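# What the coordinates show
Here's the letter readout for the chains.
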Amino acid sequence: MQEETSYLSLVFSDEDSRPYIFAVLAVFLLTSAYQTSVFYYFKSEEIIGKYDVPTWDVSFESADLSEEETQIVADGTTASYFLDIDDSNVMENSYVGLLNVVVSYEETSGNFADPCDFVSVNLRPEGILAQWDNQSNVLSGSSDQCTDILLFVQIYPSFDGSNVTVESETIDEALSHWSNETYGRGELNLEVEVNTQQRVEGLPTQQDTDEAVTVSWRLTTFMPTATQLGEE
Amino acid sequence: MSEENLLSIAGLLSFFLGTISLYIVNRSTHLKWNEKAAGYILAWIFLAKSISYPCDAYVLEITEGGTKMTPPWEYFYSLSMLTNMLFMPLCFLLSLVFPVSLLRTRRQLKIGILVFVLLVLHRVMVFVSVGVSPLELVGLEYILTTVVWTTNYVHFKIKNRREPNKGHGRIANISALLLMLHTGFNWFIWVGVFTRSDYFYFEDLRMSLDASGSFSEYFWLLSLTISICGALCILATSLWIFYVDGEMDGVGIAVLTYMLLGVVTHFVYLSGAGTSAWFFTAEDSLTSTWNIFTRQAHYTIGRPVIAMIILLQYGIYDLSDSRNYSVAKLQSILIIAVATAAILEMVQLVLPISEVLSAGFLGIILALGIGWEEKTFHGVATNPRSVTEMLSESEWACPEIGISKNAYKNFNLTLAIFLLVTVFLAYVVDVSNVLIDGGGLG
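Being a predicted model, the structure only gives us computed values, none of them experimental.

### Section: the overall build of chain B
Each helix and strand counted, chain B has 16 helices and zero strands in total. Relative to its length of 442 residues, chain B is compact, with a C-alpha radius of gyration of 21 Å against a globular reference of 22 Å. Its C-alpha atoms put chain B at 55 × 50 × 45 Å along the principal axes. Classification of the 442 residues of chain B by burial places 51% in the buried group. Contacts spanning at least 24 positions in sequence make up 79% of the contacts within chain B whose residues lie at least 6 apart.

Written out as structure tokens, the structure is:
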């Protein structure tokens, strides 16, 4: 008797429910076929590449902000030149990348045989968040030949204006390294010291008491944008 | 509050449910062999989950949602996987014996048990020796249980229309409830199958250990698709009967609720970030919160409550025994209390309630909840109707197969030993680093 009542014979012996059960089994088969076609055909490439991390080309639209200041610096004294960097001089969505400073002067006394004065400059490593320990920085310099003194500060880490390639899931992540507003905001102080010179002691024409020193600040700001590579 | 917390609560609930069920089923002497087997299997299903849920919670926590492989993730992940290797075949075995027995002769019973043992041993051997592999056929049991329980549901629902008041509708409902218990977490993402959504087709089963587009992933998604199909067939049958007869029972409404939540889930996931996250996790706060209110709530509250209904209402517990009655009542109170705490935790997630206030609410709700629970318990416990009783005069009546008391004892002992052994096997997987190195079969 037990052999006669198998599960399948019981299920399919009922004429009322039999067509519905066949319908259920048909739905199972059809949906499975659909899912298989999606997995192996329609969505195959997307599924295989679901863990691929997109690559982004980050480029920088740079802009230079220039400012110039001239002061008459008395012999044997030190003058301070200040540069304020805040939201008023950095555009929205832009960040401060680099700072170049040119300190220039001439012998302006007009006296006969008066030689160039000795000018030394020192940019104090404070006032803003920058890469003060960067090897490329030039924070001080001097001249007694009336030549320009060039200074440089790397402010934003790794920024040199050239494009970079990064891997990240989203564009926001790709740009996250390049969106720190705290770098470069604040006030810089450049100290300039002037010492007048005489070629020969005692000649009155060689003597002057001060010098006009011009400081040109050139601040490079950048606006980063990212483009996904390999996207058609 | 996070998914980890809820999974830990689910582990606690599963432990209460498993141990107490084991005790009561053991003391219930009136049961027919398939009911007794179903009682034990349900108990072990929850005991297996009482280990795997906390392990999943811990892995989620230390790996920050499956994104950072921080030790000792391998040990706890393996332990969870190994206990799931018992859980899944147990669900399959349950579908073979309950609510109607597919195994109708001693020979069929032996074959059924052999298939169960082979499924467990095969998976464990593959996992311990080569790590994650398509040979494991993860999800196979979803296909098997869905086919069996959906077929049962449709058959008995149709039969119930012709022969009402013979308990066929209740047999259909048990089938639907058991399918919901096993695969219901998956019904929330049913829309994604048909809309080809990433959240379904990109689902990561095992912390990105399977190669993308591999057969493992395909088979897992196939099993989920079929389980979703089962739910849709149950819903369609239910709606058709509602259309024809104007009646829809509680189980039909529950399935409909799950499927409607699935529609909402679709839009929630579409509004969220990418969805190639690990099975348990979500990637942003909205999808994460929604996951807690759907999938995690299913694990934490849905599964234990469904099991309690089946155990109490369908006569697996012999409540004529006063000792069984009081222990079953204690079990219900524990489940209600812990589930209420879980619901409060979930509410705390979306409402700005302080912990002190929520503790106060918990006290009030517990007092009310326990009172309500007592009334409900009395209602269910005084009107249980066993499957054997319902099918006694039908051709579906479970055939007599003499199973000795020792056989059940050996079954329980074997499963207890297996769970103990998994603790050591997980250690073997951990030290051999097989999950990372892999077996090259992926």
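That shown, we press on.
### Here's the deal with the overall build of chain A
Counting its secondary structure elements, chain A contains four helices and nine strands. Of the regular secondary structure in chain A, the N- to C-terminal order runs α-α-α-β-β-β-β-β-β-β-α-β-β. Each principal axis of the C-alpha distribution contributes one length, and for chain A these read about 135 × 30 × 30 Å. The proportion of buried residues among the 232 residues of chain A is 22%. Sequence separation of 24 or more characterises 80% of the internal contacts of chain A that already satisfy a separation of 6 or more.

### Side note on the sheet that holds strand β6 (residues 149-154) of chain A
All names here are of chain A. Here we have five strands laid out as an open sheet, ordered β6-β3-β9-β1-β7, and antiparallel in their pairing. Only two strands of the sheet have a single neighbouring strand rather than two, namely β6 and β7 (164-167). The mean angle between the axes of side-by-side strands here comes to 25 degrees, regardless of whether they run parallel or antiparallel. Judged from the ten bridges that link them, strand β3 (residues 95-105) and strand β9 (residues 210-228) form a sheet pairing that is antiparallel. Bridge assignment links N100 to a residue of β9, and that residue is R218.

### Focus on the pairing of β9 of chain A
In terms of strand pairing, strand β1 (residues 55-74) of chain A meets β9 of chain A through 19 bridges, oriented antiparallel. Its bridge partner lying in β9 of chain A, I72 of chain A is registered against A212 of chain A.

### Notes on the interface of chain B and chain A
Taken together, the 30 residues of chain B in the interface contact 29 residues of chain A. Among the elements that line the side of chain B that touches chain A, the one with the most residues is helix α5 (residues 140-162) of chain B, at eight residues. Across the side of chain B that touches chain A, the residue classes tally to 15 nonpolar, ten polar and five charged.

### Section: the confidence of the model for chain B
Residue and element names in this part refer to chain B. Model confidence for chain B is summarised by a mean pLDDT of 85, while 90% of its residues fall at 70 or above. Of all helices and strands in chain B, the one with the weakest mean pLDDT is helix α13 (residues 355-382) (68), whereas helix α9 (residues 215-245) scores best (94). Both confidence scores are given for the complex: pTM 0.77, ipTM 0.87.

### Things to note about the nonpolar core
I41, L90 and L94 of chain B are the most contacted members of the largest nonpolar core, which has 137 residues in total. Among the elements that take part in this core, helix α2 (residues 33-62) of chain B stands out by supplying 19 residues, more than any other. Setting aside its immediate chain neighbours within four residues, L90 of chain B contacts I41, W44, I45 and A48 of chain B. If you look at the next biggest cluster of nonpolar residues, it comprises 33 residues, including L83, Y95, L98 and V192 of chain A.

### Focus on the domain arrangement of chain A
If you check the domain split of chain A, you get domain 1 (7-48) and domain 2 (55-227). Domain 1 of chain A and domain 2 of chain A are separated by 73 Å when their C-alpha centres are compared.

What counts, and where the lines are drawn
- Sequence positions are assigned chain by chain, starting from 1 and proceeding in written order.
- All chains are assigned letters beginning at A, and all ligands numbers beginning at 1, according to the order in which they are written.
- This being a predicted model, a pLDDT of at least 70 is required before a residue's local features are given, and a value of 80 or more before pairs of side-chain atoms are given or counted; all residues contribute to the totals for chains, interfaces and linings.
- Helix and strand definitions follow DSSP, with helices as H or I runs of at least four residues and strands as E runs of at least two, each counted in order from the N terminus.
- Both definitions apply: the radius of gyration is a C-alpha atom measure, and the globule rule equals 2.2 Å times residues to the power 0.38.
- To sort residues by burial, count the other C-beta atoms lying within 10 Å of each one's C-beta; a count of 20 or more means buried, 12 or fewer means exposed, and anything in between means partly exposed. C-beta atoms are built from the backbone.
- Any residue pair is listed as a contact if its two C-beta atoms, each placed from the backbone, are within 7 Å.
- Note on pairing: DSSP must find at least two bridges between two strands before they are called paired.
- Fitting a line to C-alpha atoms yields each axis, with helices limited to the stretch in contact; the angle taken between N-to-C directions then spans 0 to 180 degrees.
- Here the term charged refers only to Asp, Glu, Lys and Arg, the term nonpolar to Ala, Val, Leu, Ile, Met, Phe, Trp, Tyr, Cys and Pro, and the term polar to all other amino acids, Gly among them.
- Per residue, pLDDT measures the predictor's confidence, with a range of 0 to 100.
- The term nonpolar core means buried Ala, Val, Leu, Ile, Met, Phe, Trp, Tyr and Cys residues held together as one set by C-beta atoms within 7 Å.
- Each domain's limits were defined by an automated method or a database of domain assignments.

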